[in-house]
Amino acid sequence: MSVEQAAGVGSEALEVWIDQDLCTGDGICVQYAPEVFELDIDGLAYVKSGEDELLQAKGATTPVPLPLLTDVVDSAKECPGECIHVRRVSDKVEMFGPDAE
């Protein structure tokens, strides 16, 4: 699915999470979308809340702001650890990332 198709889903809210067990700490996600991702002191990437708070709980998700959708999707596509998952909030179907169809 292309970013345009995902954006065309309408009001379908998307969320993103990182599997830290697979994170290589390259920081590509932070380069693409620093508003959404951050490297912690442990060298791994985490998602951030809308209030810029680092979410370190395993499987923590954060909403994908529509203006940053392309950057977040590019992060998932370029991630060498294939650990970034973008999914629909409504049914948890992965739209972008290693488990997307």
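Conventions used here
- Residues numbered from 1 in each chain as written.
- Predicted model: local features only at pLDDT ≥ 70, side-chain atom pairs only at ≥ 80, totals over all residues.
- Heavy atoms only, no water.
- Buried < 20%, exposed > 50% of the residue type's maximum accessible area, 1.4 Å probe, protein only.
- Helix = DSSP H or I, 4+ residues; strand = E, 2+ residues; numbered from the N terminus.
- Pairing = 2+ DSSP bridges.

Caption draft 1: Structural view of the pairing of strand E6 (residues 84-88). Of all five residues in E6, five are buried, a share of seventy percent or more. Side chains Ile84, Val86 and Arg88 project from E6 onto one buried face, and the interleaved His85 and Arg87 project onto a second face that is buried too. Bridge count between strand E1 (residues 14-18) and E6: five bridges; the pairing is antiparallel. Each bridged residue has a counterpart across the sheet, and for Leu14 the counterpart in E6 is Arg88. Here two bridges tie E6 to strand E7 (residues 94-96), and the two strands are oriented antiparallel to one another. Note on E7: the bridge partner recorded for Arg87 is Glu94. Hairpin connection from E6 to E7: five residues lie between these consecutive antiparallel strands, with Lys92 at a positive phi of about 65 degrees.

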